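# Geometric and topological summary
Here is what each chain is made of, one letter per residue.
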Amino acid sequence: MACSSPSRPNYIPNQISDPNYIRILDTTLRDGEQAPGAAMNGQQKLDIAQKLAKLGVDIIEAGFPASSKADFEAVRMIAKEVGNVIDDENGYVPVICGMARCTRADIDTAWEALKWAKRPRILTFIATSEIHMTYKLKKTKEQVLQIVREMVSYAKSLGFHDIEFGAEDACRSEIEFLCQVLAESIKAGATTLCIADTVGNLLPTEFAELIAAIKANTQGIENAVISAHCHNDLGQASSSSIMGAIAGARQLEVTINGIGERAGNASLEEVVMALKCRGEKLGGLYTGINTRHIISTSKMVAEYTGFMVQPHKAIVGANAFVHGGGIHQDGILKHRSTYEILSPEDIGLSQSTEPAFVLGKLSGRSALKSRLSKLGYELDDELDDIFQRFKAAAAKKKHLSDDDIKALVSNEDFQPQVCWSLGDVQVTCGTSGLSTATVKLVGVDGTEHVASSVGKGFIDASFKAIDLIVKLPVTLLECSINSLSKGSEAIVSAKVVLQEENIYKSTQTSNNGVKVPHTFSGSSEGMDIIVSSTLAYVSALNHVMGFKNAMRTQVARETQLYS
């Protein structure tokens, strides 16, 4: 587990007093927003900027003021409302940065947006690779050099004392020319040098070699901070950033959840937690990030951009601290550090003292026993029998819920006898009247039963129509529908949980003396919400009837045994 880090050194634009300190520039609001479909409005960008300040980000790249009026206003608002507030937790006022091309118009616009901040920074950039200069800029090396001299000097003349010069596509640039450009930018007033792997082309070792070469061959480099800006086209962005820091970069440019152009950028949470966990092995490298705000910031960015985090995403994915394998579950129950190198609490993930894991076909006896104990069951003598039924059930379902486990304990068959099957369902709904549903159910003997009902929605109407046929005194405890994919043809998962009034009291007793009520669940997946929810309801009803049939059989056997 990570140790506490030294405090953040005082901010000086062109130098860092502690050689082990790594500045974090977050570009979620600029490069992250360039991901197709990730656009945010001004208020959302302000909310995220405030989160980033609480997170302890050194530099917030708030946007590209010259790109649009909306972005200009967002950057100005962030400069005023975030760039002048000392955060109570970290006692730091973040630098507010805006991007500008190497043109007077862009730089003027950036100054008008950023001048309100206590610590304004401009990031002005131009491409330095042969392919960009030839085909995009249509400029010679000499012309690019002249533009850099003039525009960095111009930014300084406006009042920018914190100037980041960005060499776009630096990683495909000829090294001697790149170092020459960087040296000229320092002479003109640049305080930070952004080395951009714009297309994510280099492997981490190659990127480290580039940073080392720049540090060794750029005149005046001692008067500037080297920054690494890595893209993830080959899945190497976070690793390249770390390797860049090892080679001498002292600012790393990242985004929340790794969002950004194409395959995205280096991920803030990956880079920061790697340094937090392994910084001592890297000579003591550390950041000023308050990692306990990582999860809340990640969730806000996912919500505002609509880019949901993949479950297996490092650090912030839903599965990042969830264990599925039986060996892993057994180890984690004995000591969490057997399979966790981070504490969930370190990133702000609220979690009980018990480890998180899903129960499925790979789970073992210890994991099942732990879950049973959590649910209030102490069943050492019956564990072997329950475990066998658990393994049989898990072979038919990806993972078992708490309701499924309760059903196993109550001796309910996981796959009940099919008493009813859905023949058809038709609904009518809209904004001008009650929804109606007509349902056809097929009994175990093959007979068809049809009923119609009205309801407050198509699901309510469908369930009421089914109730007219099945006639069970059940209470609907839960009906949830979740999308498993995106688009108008998304697959949905429907889950229904019921309680049957007549068997509410006929359950095992938990170890605290309180009777545990019976619940019965059903689920279904498909592309039709109506059909999926109806199938889930019928499945739950079959569980109820299957249990009642099993209880009747058990009573009959006991009566015969003792008669």
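In the annotation of an unreviewed UniProt entry, the entry for the protein reads 2-isopropylmalate synthase, and the organism field reads Protea cynaroides. In its Sequence similarities (unreviewed entry) section, the UniProt record describing the protein reads: "Belongs to the alpha-IPM synthase/homocitrate synthase family."

With that settled, the discussion passes to the nonpolar core. Judged by nonpolar contacts, the single largest core of 91 residues is most densely connected at Ile96, Phe165, Ile195, Ile214 and Leu252. Ranked by the residues each element gives to this core, the list is headed by helix H5 (residues 141-158), at eight residues. Setting aside anything within four residues of it in sequence, one finds Phe165 in contact with Cys102, Thr124, Ile126, Val148, Val152, Val181, Leu182, Ser185, Ala190, Thr192, Leu193 and Cys194. Counting residues in each nonpolar core, the second largest holds 26 residues, with Val425, Ala465, Ala536 and Val544 among its members.

Burial analysis of strand S7 (residues 225-230) places six of its six residues in the buried class, the great majority of the element. Where burial is concerned, the two faces of S7 agree: the one with Val225, Ser227 and His229 and the one with Ile226, Ala228 and Cys230 are both buried. The sheet contact formed by strand S6 (residues 192-197) and S7 spans six bridges and is parallel. The partner of Ala196 across the bridge, within S7, is His229. Note that the unit made of S6, helix H7 (residues 204-217) and S7 has a crossover that is right-handed. Bridge count for S7 against strand S8 (residues 251-254) is three bridges, and the pairing is parallel. Following the sheet pairing, Ser227 is matched in S8 by Gln251. The β-α-β motif built from S7, the intervening helix H8 (residues 237-247) and the parallel element S8 has right-handed crossover chirality.

Attention now goes to the environment of Thr255. Considering the arrangement of structural elements, one finds Thr255 in the loop between S8 and helix H9 (268-278). What makes Thr255 buried here is its relative accessible area of 0%. Expressed as a C-alpha distance, the spacing of Thr255 and Arg30, which sit 225 residues apart in the sequence, is 9.2 Å. Look past the residues within four positions of Thr255 in its chain and what remains in contact with it is Asp26, Thr27, Thr28, Gly32, Asn265, Ala266, Ser267, Leu268 and Glu269.

Moving on, we come to the side chain of Thr27. Looking at where Thr27 falls in the secondary structure, it is placed in the loop between strand S1 (23-26) and helix H1 (42-55). When sequence neighbours within four positions are dropped, the list of residues in contact with Thr27 reads Gly32, Glu61, His229, Val254, Thr255 and Asn265.

All right, on to the sheet that holds strand S14 (residues 474-483) then. The pairing of strands in a sheet comes from backbone hydrogen bonds and takes either a parallel or an antiparallel form. Reading across from one edge, S14-S15-S16 is the order of the three strands in this open sheet, with antiparallel pairing throughout. Two strands lie at the open edges of the sheet, namely S14 and strand S16 (520-526), each paired on one side alone. The average angle at which neighbouring strand axes cross in this sheet is 15 degrees, direction not considered. In this sheet, S16 lies alongside strand S15 (residues 492-500) in antiparallel orientation, the contact comprising seven bridges.

The next thing to look at is the side chain of Glu500. Mapped onto the secondary structure, Glu500 falls in strand S15. Accessibility expressed as a relative area gives 0% for Glu500, which makes it buried. The contacts of Glu500, once residues within four sequence positions are left out, are Leu472, Pro473, Val474, Phe520, Val544 and Lys548.

Counted under the stated rule, the structure contains zero disulfides. As a non-bridged cysteine, Cys97 has Cys194 as the owner of its nearest cysteine sulfur, 9.3 Å distant. A residue is classified by how much of its surface remains accessible, and Cys97, at 0% relative accessible area, is buried.

This brings us to the sheet that holds S6. Judged by pairing direction, the barrel is parallel, and its eight strands sit side by side in the order S1-S2-S3-S4-S5-S6-S7-S8 before closing back on the first. On average, each strand axis in the sheet is tilted by 25 degrees relative to the strand beside it, whichever way the strands run. Where strand S3 (residues 95-101) lies against strand S4 (residues 120-127), six bridges are found, and the strand directions are parallel. Along S4, the bridge assignment pairs Met99 with Leu123. Set on the sheet, H5 makes contact with S4 and strand S5 (163-168); between it and S4 the angle comes to about 170 degrees.

Rules and cut-offs
- Residues numbered from 1 in each chain as written.
- Predicted model: local features only at pLDDT ≥ 70, side-chain atom pairs only at ≥ 80, totals over all residues.
- Heavy atoms only, no water.
- UniProt positions renumbered as here; feature names shortened; annotations may be inferred.
- Core = buried A, V, L, I, M, F, W, Y, C linked by side-chain atoms within 4.5 Å.
- Buried < 20%, exposed > 50% of the residue type's maximum accessible area, 1.4 Å probe, protein only.
- Helix = DSSP H or I, 4+ residues; strand = E, 2+ residues; numbered from the N terminus.
- Contact = heavy atoms within 4.5 Å.
- Pairing = 2+ DSSP bridges.
- Right-handed = clockwise from strand over helix to strand, strands pointing away.
- Axes fitted to C-alpha atoms, helices over the stretch in contact; angles between N-to-C directions.
- Disulfide = S-S within 2.5 Å.

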